Amino acid sequence: MKAKVLMFPITLTPAAGSGMKVTQLDCLCLILLHLLHTAGSEKFEVLGPTDSIVAVAGDDIILPCYLKPNISAEDMTVDWLNLDFLDSRVFRYQNHRIIREDQILFYSGRTSLYEEELWRGNTSLKLTRVQGTDEGRYKCLIQSKSWYDDFTVQVLVKAVGSKPVVSIEGHREGGMGLLCESEGWHPEPELVWLDSKGVHLSAGLPETHRDLDGFYTVKRHVIVQETDTNRFTCRVQQSRINEKMETEIHLPSELFDYATPLRMAFIVLCCLGAVTVIGLSLAVYCIRNKKDVLTRKLDDLWDQNYELCEQKYYLTENRDVLRKEKEILTSQLDFETIRRHEVDVTLDPDTAHCKLILSDDGKQVRHGELDQVLSDNGKRFTNWSCVLGNVGFSGKFYYEVKVEGKTEWTLGVVIQSINRNERSRPIPYNGYWTVELKDGEYTAHADSPVTFTPREEPQKVGVFVDYEKRQVSFYNVEDRSHIYSFTDCSFTEKLYPFFNPGDSDSISLVVCPVDATD
């Protein structure tokens, strides 16, 4: 039931001397009429469009939503939610004002109601400067004190990208290399290469990138061979929005009559050889007795040239190796400097979720199967299987955690004032700076999640904070390599070490002392 019908007694008192007799049946009828009127006055329907709304990127759109009958929504709560997000709040109107807390960040400043229309039940949402990430299912939820109803509408975003740009990459093995690129599309487009007859060419895999606003950039390489026309077309198309754009390129035949650097060097050497042979012939003709000397000198020159080329090749290789060794050595020296800022971290049992099991020394934590009976002290996590360190830090500090054998974990730092009773997203905006392993994938929980692949699977993770530089960094202790860094962080409180051992295994996270011999 969506409604609550309120019942209260009705007393009928006939006027003195009127002689009117009120029967029980009359009272019952009046009470039923009053209840029907009361219940009907509380009920309403939330209506909107039945078809999807197609929005053009960059435009403003209106998501229609209204009450039937057209009663006032001024004293009601109006919620607009994006059902495709964990934190789904797009807009809220409550108690005659707009509530901006818990709003999805990228909707800030782009949503509004027609407040002057609320009195007649118009709760439509205006969304400005549509972007690719706005695509999804939107729910309009209206609540009065005793009734609620909702309506869901699908929003599709359409963005036609730039005209494809074709560039010549130069000669490749088997032909001429071409690159085509186009940006600003939504949904994700398809890029194909065609010959002059419209036949698809065999090309490399398409490379697709999605920016923070949800728009796609696509590019694709192809190697073409000379044809009777030397005309080739790059086509970018999106079937859902029935849009396509093409760019044709014509390659002159002269480009295919190329000489690779080796062949060019060979031709130059042949020309030099021809000049040398002519010169030698003249020299032999003029002074036959110097033939052997000149021949030996020529052979020596060729040998020297060959040796110089070999030396140049080996020097180039050695330079690259030395550069890599220098980078590794510099990284290791920096890492050793960072480890000197070690702090002693002990887990705080007062903050531990009821499913977490801590060691007696406060250095290990794992996930248990049963809920423990623990005191409700106001500091404990109730929705996440997490625990904090017992001391907060500022300045520079570093600690290491053993994760060997685990298939799931989350590590980092948080501010003390995070909400421990709600499962909010663990991002910097909410006071979290964390890195996670889950389902075999590593993720840095930035405001937009960043997935990455470490050079080696870490068995021990180092966490370093430079409070003044506003940085939080993570390291693979075994190979002393950098994993990920949060930069330009906004710190206003002390930071507490954060641990979540996950629930996919029973192996403990272990806070380890920093060992200089690692």
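These numbers were taken from a predicted model, which means no experiment stands behind them.

1. Regarding a nonpolar patch on the surface
Together, L269, L272 and W302 make up an exposed nonpolar region whose accessible area comes to about 280 Å². Structurally, the position occupied by L269 is in helix α2 (residues 261–286). When its relative accessible area of 34% is taken as the criterion, L269 is described as partly exposed.

2. Regarding the state of the cysteines
As enumerated under the stated definition, the model contains two disulfides in all. Two residues, C65 and C140, share a disulfide whose sulfurs are 2.2 Å apart. Its torsion about the S-S bond being -85°, the disulfide of C65 and C140 is classed as left-handed. Taken together, the positions of C65 in the loop between β3 (61–63) and β4 (66–68) and C140 in strand β10 (residues 136–143) put the pair 75 residues apart, joining distant regions of the chain. For the residue pair C65 and C140, the accessibility class agrees, reading buried in each case. Sequence-ordered numbering of the bonded cysteines in the chain gives a pairing of 1-2, 3-4.

3. Points about the pattern of salt bridges
Under the counting rule described, the total for this entry stands at 20 salt bridges. Here R231 and E248 are joined by a salt bridge, their closest N and O atoms 3.4 Å apart. Residue R231 is located in strand β17 (residues 231–238), and its partner E248 is located in strand β18 (residues 243–250); the two are separated by 17 residues in the primary sequence. When its relative accessible area of 37% is taken as the criterion, R231 is described as partly exposed.

4. Considerations on the environment of T208
If you trace the backbone, T208 turns up in strand β15 (residues 207–210). Using a relative accessible area of 37% as the deciding quantity, one classes T208 as partly exposed. Considered as a pair, T208 and E181 are 27 residues apart in the sequence and their alpha carbons are 9.8 Å apart. Within the local environment of T208, its side chain forms a polar contact with the side chain of E188, the two groups lying 3.4 Å apart.

5. What about unusual backbone geometry?
The omega torsion of the bond from K68 to P69 falls at 0°, within 30 degrees of zero and hence cis. Structurally, P69 can be placed in the loop between β4 and β5 (77–82). With an omega dihedral of 0°, the bond running from H186 to P187 counts as a cis peptide bond. Secondary-structure assignment places P187 in the loop between β13 (175–185) and β14 (190–194). Phi is positive for N242, which is not a glycine, with a value near 55°.

6. Quick notes on the sheet that holds strand β9 (residues 125–127)
Taken in spatial order, the three strands of this open sheet run β3-β9-β8, and their pairing is antiparallel. The open sheet terminates on both sides in strands that have one partner only, identified here as β3 and β8 (111–113). Here the strands of the sheet are splayed against their neighbours by 30° on average, with no regard to which way each runs. Of the strand pairs in this sheet, β8 and β9 are connected by three bridges, and their pairing is antiparallel. Counted as the bridge partner of T111 is L127 from β9.

7. Side note on the nonpolar core
If you look at the biggest cluster of nonpolar residues, it comprises 47 residues, and the most contacted ones within it are W409, V413, W433, V472, F486, L495 and F499. Ranked by residue count, the leading element in this core is strand β23 (residues 409–415), at five residues. If sequence neighbours within four positions are ignored, V472 has contacts with V413, W433, F464, V465, Y484, S485, F486, C489 and F491. A73, W80, L127 and V155 belong to the second-largest nonpolar core, a separate cluster that totals 30 residues.

8. Here we look at the confidence of the model for the chain
The share of residues in the chain with pLDDT of 70 or more is 86%, and the mean pLDDT across the chain is 85. This stretch, residues 34–40, has a pLDDT under 50; its non-local contacts, to residues over four places away or in other chains, come to six contacts.

9. Quick word on the pairing of β18
Where β17 lies against β18, eight bridges are found, and the strand directions are antiparallel. Its bridge partner lying in β18, R231 is registered against H250. In this antiparallel pair of consecutive strands, β17 and β18, the connection spans four residues, and N242 shows a positive phi of 55°.

10. Some points on a negative patch on the surface
Side chains of D299, D300, D303, E307 and E310 sit close together on the surface and give a patch of like negative charge. Mapped onto the fold, E310 is located in helix α3 (residues 291–339).

11. Thoughts on the sheet that holds strand β25 (residues 441–444)
The six strands are arranged β21-β30-β23-β24-β25-β26 in an open sheet whose pairing can be described as antiparallel. Of all the strands in the sheet, just β21 (387–388) and β26 (450–452) have a single pairing partner and so form its edges. Bridge count for β21 against strand β30 (residues 495–500) is two bridges, and the pairing is antiparallel. By the bridge assignment, V387 is partnered in β30 with F499.

Conventions used here
Residues numbered from 1 in each chain as written. Predicted model: local features only at pLDDT ≥ 70, side-chain atom pairs only at ≥ 80, totals over all residues. Heavy atoms only, no water. Patch = residues over 30% accessible without salt bridge, like charges linked within 9 Å, V, L, I, M, F, W, Y side chains within 5 Å. Areas by Shrake-Rupley, 256 points an atom, 1.4 Å probe, with all protein chains shown as cover. Salt bridge = Lys/Arg side-chain N within 4 Å of Asp/Glu carboxyl O. Helix = DSSP H or I, 4+ residues; strand = E, 2+ residues; numbered from the N terminus. Buried < 20%, exposed > 50% of the residue type's maximum accessible area, 1.4 Å probe, protein only. Disulfide = S-S within 2.5 Å. Polar contact = N/O pair within 3.5 Å; in protein donor to acceptor, adjacent residues only side chain to side chain. Pairing = 2+ DSSP bridges. Axes fitted to C-alpha atoms, helices over the stretch in contact; angles between N-to-C directions. Core = buried A, V, L, I, M, F, W, Y, C linked by side-chain atoms within 4.5 Å. Contact = heavy atoms within 4.5 Å. pLDDT = per-residue confidence, 0-100. Lys, Arg positive; Asp, Glu negative; His and termini not counted. Charge placed at Lys NZ, Arg CZ, Asp CG, Glu CD.

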